[in-house]
Amino acid sequence: MSGQRVDVKVVMLGKEYVGKTSLVERYVHDRFLVGPYQNTIGAAFVAKVMSVGDRTVTLGIWDTAGSERYEAMSRIYYRGAKAAIVCYDLTDSSSFERAKFWVKELRNQEEGCQIYLCGTKSDLLEEDRRRRRVDFHDVQDYADNIKAQLFETSSKTGQSVVGDLRTDANLGTDGYVRDHREGLWNAGPEHQSPSLAVSPVSHPSRPRPLFTFLTPDHRHFLVTAL
Ligand SMILES: Nc1nc2c(ncn2[C@@H]2O[C@H](COP(=O)(O)OP(=O)(O)OP(=O)(O)O)[C@@H](O)[C@H]2O)c(=O)[nH]1
């Protein structure tokens, strides 16, 4: 197994305009592009190569188009995905209904895919709380029900408010979380495949969202900015 290359496929799903592309931009380039909104056509792919212990991991992120016009196409992109980040806009209740649609799809079609729910544009709520259209507790209940983790993020500010997740994990110099605590990552039976799982989290010393990886031996959690 030593030196084996592992590929992790992650798919971004959600209604158009919820901010999937912006989230990927933030993860990959740590930037927020201003300018006129440009809808994704079909899907965009971003690959990131990184080292996890003695392995080279290629993380492939498929950023799908949210428009219902491309719905059939999006199904092609989630096939075989290890993780799906299902996004909804915190200021748009219909986008949460659409997120539920994708969750249902994934649960029916991709049982092995770990689902992450991501509420986007939290900065708009910082400006005005009344703009919230999707109740945090409702989504948390839903997330618990489907065994998904929930995040509220802003690609604009880079802030990732991650609910009850512990953000004080002890980060080793090699990037592994030594002091893993219950709640930061719950390695339940759904993670027992030899592949990696992926999750965006935040860390106090690094305000932007990070990804954590469950290593193939299930003993370490790699935290990395993509
Ligand atoms: N204020 C704010 N605006 C955001 C944020 N994320 C995205 N936006 C804006 O929301 C609009 C849509 O963002 P995109 O990232 O293109 O959305 P998308 O989900 O990829 O859209 P499709 O490609 O059509 O599926 C753009 O005008 C972004 O600038 C955020 O965190 N805060």
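In the block above lies the structure referred to throughout.
Bear in mind the structure is a predicted one, so any value in this text is a computation, not a measurement.

J.: Looking at this model, I keep getting lost on the pattern of salt bridges. Mind explaining?
T.: A side chain with one charge can pair with a side chain of the opposite charge if their charged atoms come near. Applying the stated criterion across every chain, the model contains 10 salt bridges. R98 serves as the salt-bridge partner of E68, at 4.0 Å between the closest nitrogen and oxygen. Here R98 lies in helix α3 (residues 93-109) and E68 lies in the loop between β3 (55-64) and α2 (71-78), a separation of 30 residues in the sequence. On the accessibility criterion, E68 (53% relative accessible area) is exposed. The partner of E71 in a salt bridge is R75, with the nearest N and O atoms 3.2 Å apart. A residue pair is termed a helical-turn pair when its members lie 3 or 4 positions apart in one helix, as E71 and R75 do in helix α2 at four residues.

J.: In this structure, what is going on with the packing of α3 against helix α5 (residues 136-146)? I would like to understand it.
T.: In helix packing, the relevant descriptors are the interaxial angle and the interaxial distance, both defined with respect to the helix axes. Two elements in contact, α3 and α5, have axes separated by 12 Å at closest approach and are oriented at 5 degrees. The angle between the axes of α3 and α5 places the two elements in the roughly parallel class. Where α3 approaches α5, its residues F96, K100, V103 and R107 are matched on the opposing element by V139, Y142 and I146. Partitioning the contact of α3 with α5 into residue classes produces five nonpolar, no polar and two charged.

J.: Please clarify how the packing of aromatic side chains should be interpreted in this entry.
T.: The geometry of an aromatic ring pair comes down to the distance between the two centres and the angle between the two planes. Per the counting criterion, the structure on display carries eight aromatic pairs. Considering the side-chain rings of Y17 and Y37, the 4.7 Å spacing of their centres and the 90 degrees angle between planes classify their relative orientation as edge-to-face. You can see Y17 sitting in the loop between β1 (6-14) and α1 (20-29) and its partner Y37 sitting in the loop between α1 and β2 (43-52), a full 20 residues away along the chain. Residues Y78 and W102 carry aromatic rings whose centres are separated by 6.3 Å and whose planes lie at 75 degrees to one another, so their mutual orientation is edge-to-face. Within this pair, whereas Y78 is found in helix α2, its partner W102 is found in helix α3, the two being separated by 24 residues in sequence. Exposure class is identical for Y78 and W102. Each is buried. One aromatic cluster in this structure is built from F45, W62 and Y77. In this structure, K100 is placed above the aromatic ring of Y142, and the distance from its NZ or CZ to the ring centre is 5.8 Å.

J.: What should I look at first to understand the site of the ligand in this one?
T.: Neighbouring residues of the ligand: 20 residues in total, closest K20, S22, Y37, T40 and D123. Within the backbone of G19, a nitrogen or oxygen atom sits 2.9 Å from an oxygen atom of the ligand. One nitrogen or oxygen atom from the main chain of K156 is found 3.2 Å from an oxygen atom belonging to the ligand. Alone, the ligand offers 660 Å² of accessible surface; in the complex the protein occludes 90% of this. A molecule is said to occupy a pocket when more than half its atoms come within 2 Å of that pocket's grid points, and by this definition the ligand occupies the largest pocket. Counting residues per element, the ones that place at least two in the shell around the ligand are α1 and α4 (122-127). Top contributing element to the shell around the ligand by residue count: α1, with three residues. Residue composition of the shell around the ligand, grouped by class: six nonpolar, eight polar and six charged.

J.: It is not clear to me how the state of the cysteines should be interpreted in this structure. Could you clarify?
T.: When the sulfur atoms of two cysteines share a covalent bond, that bond is a disulfide. Taken as a whole and assessed by the stated rule, the structure comprises zero disulfides. The thiol of C87 is unpaired, and the distance to the nearest cysteine sulfur, on C118, comes to 4.7 Å.

J.: What is the right way to look at the layout of surface pockets in this model?
T.: Regions of empty space are outlined by a rolling probe, equal in size to a water molecule, passed over the atoms. In this model, the largest pocket occupies a volume close to 770 Å³. Among the elements of the structure, α1, β3 and α4 are those that each provide at least two residues to the lining of the largest pocket. Looking at the lining of the largest pocket element by element, the count peaks at four residues for α1. Residue composition of the lining of the largest pocket, grouped by class: nine nonpolar, 12 polar and eight charged.

J.: I tried to follow the pairing of strand β6 (residues 149-153) on my own but got confused; where do I start?
T.: Looking along a regular strand, one sees side chains alternate from face to face of the sheet. Here β6 lies mainly inside the structure; five of its five residues are buried. Here β6 shows a buried face lined by Q149, F151 and T153 and a second buried face lined by L150 and E152.

J.: What exactly am I supposed to notice about the environment of V24 here?
T.: The residue V24 is located in helix α1 in this model. With 22 residues separating them in the primary sequence, V24 and V46 have C-alpha atoms 8.3 Å apart.

Definitions and cut-offs
- Residues numbered from 1 in each chain as written.
- Predicted model: local features only at pLDDT ≥ 70, side-chain atom pairs only at ≥ 80, totals over all residues.
- Heavy atoms only, no water.
- Salt bridge = Lys/Arg side-chain N within 4 Å of Asp/Glu carboxyl O.
- Helix = DSSP H or I, 4+ residues; strand = E, 2+ residues; numbered from the N terminus.
- Buried < 20%, exposed > 50% of the residue type's maximum accessible area, 1.4 Å probe, protein only.
- Axes fitted to C-alpha atoms, helices over the stretch in contact; angles between N-to-C directions.
- Parallel < 35°, antiparallel > 145°, perpendicular 65-115°, else oblique.
- Contact = heavy atoms within 4.5 Å.
- Nonpolar A, V, L, I, M, F, W, Y, C, P; charged D, E, K, R; others polar.
- Phe/Tyr/Trp six-rings, centres within 6.5 Å; stacked < 30°, edge-to-face > 60°.
- Lys NZ or Arg CZ within 6 Å of the ring centre and 35° of its normal.
- Near = heavy atom within 4 Å.
- Polar contact = N/O pair within 3.5 Å; in protein donor to acceptor, adjacent residues only side chain to side chain.
- Areas by Shrake-Rupley, 256 points an atom, 1.4 Å probe, with all protein chains shown as cover.
- 1 Å grid on protein atoms, 1.4 Å probe; cavity = no way out; pocket = protein on both sides within 12 Å on 5 of 7 lines; lining within 4 Å.
- Sits in = over half its atoms within 2 Å of the grid points.
- Disulfide = S-S within 2.5 Å.
- Points joined across faces, edges and corners; volume = space filled by probe spheres on them.

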